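# Structure assessment
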Amino acid sequence: MEKKRKIKVLVCKPGLDGHDRGAKVIARALRDAGMEVIYTGLHQTPDDIVNTIIQEDPDAILLSILSGAHNALCPAIMEKLKAKKINDVLVSVGGIIPEEDKKFLKELGLDGFYGPGTELKTIVEFVKNNLKR
Amino acid sequence: MTELKNKESEIIKQGKNDWETKSSKKSETRERFKNLSDIEIERLYTPNNVENLNYLNDLGFPGEYPYTRGAYPTMYRGQLWTMRQFAGFGTAEQTNNRYKFLIEHGQTGLSVAFSLHTIYGYEASDEKSLGEVGKEGVAIDTLKDMETLFDGIDLSKISTSMTINAPAAILLAMYIVVGEKQGYSPEKLRGTIQNDILKEYIAQKSWIFPPEPSMRLIIDSIEYCTKNVPQWYTISISGYHIREAGSTAVQELAFTLADGFAYVEAAIERGLNVDDFAHRLSFFFNAHNNFFEEICKYRAARRIWAKRMKNKYGAKKTESLRLRFHTQTAGVSLTAQEPENNMVRVTLQGLAAVLGGTQSLHTNSFDEALCLPTEKAVRIALRTQQIIAHESGVTDTVDPLAGSYYVEWLTNKMEEEAEIYFEKIKEFGGVIPAIKANFFQKEIANASYKFQREIEKKERIFVCVNKYKPKIHEQTEILKIDDKVASEQLENLKRVKIERNNEKVREALKKLKEAARGTENLMPFIIDAVREYASIGEIIAILKDVFGIYREDSIF
C-alpha cells in the first residue's frame, strides 16, 4: 500500500528553557513545507516527551535546547525511548550545542545539532532525508 | 509667520520633487527601504516631514516634560550611565568571584543572572531541575547562597539588579536580609528586581502562577518598597525579552509601555498614590541593529510615558513622569559565524543606547551565541562601553541627534504606531485579557517568522549568515559549566536543611500560606520565611497550593 501520510514532526522544548523563538519558527517552516507539526510547548520533562511520542507516533522529533542542559536531558530522553522500544523515529537536537558535545550526543543516536544562523530549508531537507521509516 | 512657513514648505516640496525626478528611483539598489519595524524609509527627510513638530511641546529640554531629549538636564556631562554587566553562573561562590573581577575592572553596578531552577522556583533536587542547575545563571536555593553571592561586597556601596520575575518577592526578601546581616537597614539598599510578569506571559515564559495572583505579588512588593525600601526600583518593565522573542521595535515599545501602564493601574487600584510609587518604576529595553530606529524608540518611549502619566494617571511630581531605562544589546543579533564580528555589532548597538539616553547599559560579549561569556569576552564588552563613554565624544552634549528631520520624523512615527497598538490592547480589555487571547504571542510569532523569511530571501542581509558566509569555522574558546555544580548545590541545600531550625521554617511557611489565602501584603511573611532559610522551592510550592499554576497555549 502506498504511503500517502504527511510527515509528522514533533517539535519539543525540554527542560526549563524558555527560548522558544527558534522552535516556533522551525515548527512553522516545517508546516509550510507540508508536514504535520505538533509543538509540545514549554517545560517538558523527558517523561512528558516520551508520553507525547507514544500518543502521537511522529516520524521525527526535534528537540530545541538553548539552556546548556542538553547533556542531561538528551540521555534521559533517549534511555526512555529505548526502554519503550521506540527506535524508528528520527531524533534531533538543535539550539546551542557546543562542538565538543556533539560526539557524545551522536553516540546516543541524536542528529542534527543545528545552531544559530541555520537556514530553515536546511532543517526541512534534513528531516525529509533522514527519516527512519 | 505661518504664511511664511507655508510658503517655505511649498518651496521645499517643489524642490524635493524636482530633485527626486532628476535622480530616478531605478538607480537605487532596492525597491523599498524598510527598518526592522517594517516602516518604510524615504530617501531624504526635509523640514516638511516634521512641520507640525512644536519644539517646546514635543521635545522640550532634557530633564523636563515631555523628556523626549533625555531624563536628566545634564545627562552624561553630569554622570555617565551605569555600566552593568549581567552575570551569573555555576555556584554562588563562582559568581561572587566574577563580580569581584568586574568590580576590579571598573564596573559600577551588579546584575544577577539566576539559574533556571531558581527562576522557576524549583529546588535544585527537583526532577524539573535536571541539567539546568547553574547553567544559565547562578544557582540560588536559600538565603545561605545569597550570603555567599554577596560575600565581601558592601551592599551600601553598590546597586544590584536582579533578573528575577515570578519569585522576585522572595529574592528581594533575601537581599533585604543579607543587607541586614551586613548591618544595613532596608532604606540603605539600592537596586532593582525585574519583577515584570506580564512580559513573561508575552515573551520570556518564566511564569509560575496565573496572571492575577502574580500581579498581587508584584503590587505587594511595590507597596512594601514604597514604605520600607525607598531607594529600590520595584520593577524593571522589560521590552528586552519581547524583542528577543522576535518582536519588532514598535511592538517592543508598545507592549512594554502597555505593561507599564497595567502596573500603574494595578497599584492605583490597590490604593497607592501614583506620585508615591511611579518614580521607582524603571524600564529595560533592547538595542538591536537598526541604529536610528533604536534611538527613536527610546526617545518616543520617554515622551509617551510622560504624556500618559501626566494626562491619564494624573501624576504631578516630575520624577513620576520621567522614564528611566536600562539597555542591553540584542542577544539575537549575535552570530555564531565569525563571532568576533559581534564586537562591532555590540559597539553600534551600545552607541545607539547612549545616543538614546540610557541610564545603564549591558553590552553583550562576542561569544554569547555560543556560550555564557568567558572572562576575556566580558572584559572586551565592558571596555566597549568605556570607549564609547570616554573616547567617542558622544557624551559631550545632550541628545545630539535632536532636530534631525529623520530622527524627529521617526520618533513621531514610532509614537503613532505604538498608539495604534494601545488601541488594539484596549479593545481586548487590557493587557491580561490580551495575553489570554494570545494576542501578543501571535504578533511576536508572526514578526519573528517574517524576519526569518526575509533573511532567507536575502531581503535583509546578516553578515556571515546569509552573505559573506565564512568557508571555515574557527573554534572559539568557550566557557563550560562544570556538571559538578549541580551536585555541589544539592549538597549545599542538604546542609542548610540540616542546620536550620526546621520547626521555625514550618511555622513561617504556615503563616505565609494563611496570609496568601487572604489579602494581606505577603512581603513580611516572605521575609520571615527566608530568614529561617526556607528555600525558594518551598516558598513557591506553598504559594502554588494557594494560587495555582499557569498553563500556556502552545501556539506557533
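The paragraphs below set out a description of the structure included in this document. (Residues numbered from 1 in each chain as written. Chains lettered and ligands numbered in written order. Predicted model: local features only at pLDDT ≥ 70, side-chain atom pairs only at ≥ 80, totals over all residues. Heavy atoms only, no water.)

Here we take up the overall build of chain A. For chain A, the count of helices and strands is five helices and five strands. Taken over the C-alpha trace, chain A has a radius of gyration of 14 Å; the compact-globule value for 133 residues is 14 Å, and the two agree within 12%. The dimensions of chain A, computed from C-alpha atoms along their principal axes, are 40 × 35 × 25 Å. Burial analysis of chain A (133 residues in total) assigns 56% to the buried set. Within chain A, contacts between residues at least 6 apart in sequence are counted, and of these 76% link residues at least 24 apart. For chain A, the accessible surface area stands at approximately 5900 Å², while carbon and sulfur atoms represent 49% of it. Taking the 21 positively charged and 19 negatively charged side chains of chain A as two groups, their mean positions are separated by 4 Å. (Helix = DSSP H or I, 4+ residues; strand = E, 2+ residues; numbered from the N terminus. Rg over C-alpha atoms; globule rule 2.2 N^0.38 Å. Buried < 20%, exposed > 50% of the residue type's maximum accessible area, 1.4 Å probe, protein only. Contact = heavy atoms within 4.5 Å. Areas by Shrake-Rupley, 256 points an atom, 1.4 Å probe, with all protein chains shown as cover. Lys, Arg positive; Asp, Glu negative; His and termini not counted. Charge placed at Lys NZ, Arg CZ, Asp CG, Glu CD.)

On to the pattern of salt bridges. Overall, the coordinates contain 52 salt bridges over all chains when judged by the stated rule. Here Lys-413 of chain B ties to Glu-417 of chain B by a salt bridge, and the two come within 3.3 Å at their closest N and O atoms. Taken as a pair, Lys-413 of chain B and Glu-417 of chain B lie in helix α17 (residues 405–428) at a separation of four residues, close to a single helical turn. Since its relative accessible area comes to 22%, Lys-413 of chain B is described here as partly exposed. A residue is classified by how much of its surface remains accessible, and Glu-417 of chain B, at 25% relative accessible area, is partly exposed. A cluster of three or more residues bridged by salt bridges with shared partners is formed by Arg-5, Asp-57, Asp-59, Asp-88 and Arg-133 of chain A. (Salt bridge = Lys/Arg side-chain N within 4 Å of Asp/Glu carboxyl O.)

The next point concerns the pairing of strand β4 (residues 159–163) of chain B. Every regular strand shows the same layout, with side chains that alternate between the two sheet faces. All names here are of chain B. Of all five residues that make up β4, five are buried, and the element is covered over most of its length. Side chains Ser-159, Ser-161 and Thr-163 of β4 all project onto a buried face; the interleaved residues Thr-160 and Met-162 project onto the opposite face, where all are buried too. Bridge count between strand β3 (residues 109–113) and β4: five bridges; the pairing is parallel. By the bridge assignment, Gly-109 is partnered in β4 with Ser-159. Strand direction decides the pairing type here: β4 and strand β5 (residues 191–193), joined by three bridges, are parallel. (Pairing = 2+ DSSP bridges.)

Glancing now at a nonpolar patch on the surface. Taken together, Tyr-55, Leu-56 and Phe-61 of chain B make up a surface patch of nonpolar side chains, about 300 Å² in accessible area. Considering the arrangement of structural elements, one finds Phe-61 of chain B in the loop between α2 (55–59) and α3 (75–78). (Patch = residues over 30% accessible without salt bridge, like charges linked within 9 Å, V, L, I, M, F, W, Y side chains within 5 Å.)

Further remarks concern the sheet that holds strand β3 (residues 60–65) of chain A. Residue and element names in this part refer to chain A. Strand order in this open sheet of five strands is β2-β1-β3-β4-β5, and the pairing throughout is parallel. Strands at the two margins of the open sheet, each flanked by one partner only, are β2 (36–39) and β5 (111–112). The pairing of strand β4 (residues 90–95) with β5 spans two bridges and is parallel. Counterpart to Ser-92 in the pairing with β5 is Asp-111. This element, helix α2 (residues 46–56), spans β1 (8–12), β2 and β3 of the sheet and lies at about 165° to β1. (Axes fitted to C-alpha atoms, helices over the stretch in contact; angles between N-to-C directions.)

Take unusual backbone geometry next. Residues and elements named next belong to chain B. A cis geometry characterises the amide bond from Tyr-65 onward to Pro-66, with omega recorded as 0°. By the secondary structure assignment, Pro-66 is in the loop between α2 and α3. The backbone of Tyr-67 sits at a positive phi, close to 65°, despite the residue not being glycine. Along the chain, Tyr-67 turns up in the loop between α2 and α3. The buried category is assigned to Tyr-67, whose relative accessible area is 0%. Non-glycine residue Tyr-468 carries a positive phi angle of around 55°.

To continue, consider the packing of aromatic side chains. Residue and element names in this part refer to chain B. Taken as a whole and judged by the stated rule, the model has 28 aromatic pairs over all chains. An angle of 75° between the planes, with centres 5.2 Å apart, marks the rings of Trp-207 and Tyr-550 as edge-to-face. Remark: Tyr-550 occurs in the segment after α23 (536–547) and Trp-207 occurs in the loop between α8 (198–204) and α9 (211–228); sequence separation between them is 343 residues. Each of the two residues, Trp-207 as well as Tyr-550, counts as buried. Ring pairing ties together the aromatic residues Phe-261, Phe-283, Phe-285, Tyr-298, Trp-305, Tyr-313, Phe-325 and Phe-422, which thus form one cluster. (Phe/Tyr/Trp six-rings, centres within 6.5 Å; stacked < 30°, edge-to-face > 60°.)

If you look at the biggest cluster of nonpolar residues, it comprises 165 residues, and the most contacted ones within it are Phe-114, Ile-140, Met-146, Met-162 and Leu-257 of chain B. Here this core gets twelve residues from one element, more than from any other, and that element is helix α11 (residues 249–270) of chain B. The contact partners of Met-162 of chain B, leaving out residues within four places of it in the chain, are Val-112, Phe-114, Met-146, Leu-171, Leu-172, Tyr-175, Thr-192, Ile-193, Gln-194 and Trp-232 of chain B. Ranked by size, the runner-up nonpolar core spans 22 residues in total, among them Ile-38, Ile-49, Ile-53 and Ile-97 of chain A. (Core = buried A, V, L, I, M, F, W, Y, C linked by side-chain atoms within 4.5 Å.)

Let's shift gears to the pairing of β3 of chain A. All names here are of chain A. A large share of β3 lies buried, amounting to six of its six residues. Pairing between β1 and β3: four bridges, direction parallel. When the sheet's bridge partners are listed, Val-11 is paired in β3 with Leu-62. Of the pairings in the sheet, the one linking β3 to β4 comprises six bridges and is parallel in character. From the neighbouring strand, Ile-65 faces β4, where its bridge partner is Gly-95. In the classification by handedness, the crossover that spans β3, the intervening helix α3 (residues 70–83) and the parallel β4 is right-handed. (Right-handed = clockwise from strand over helix to strand, strands pointing away.)

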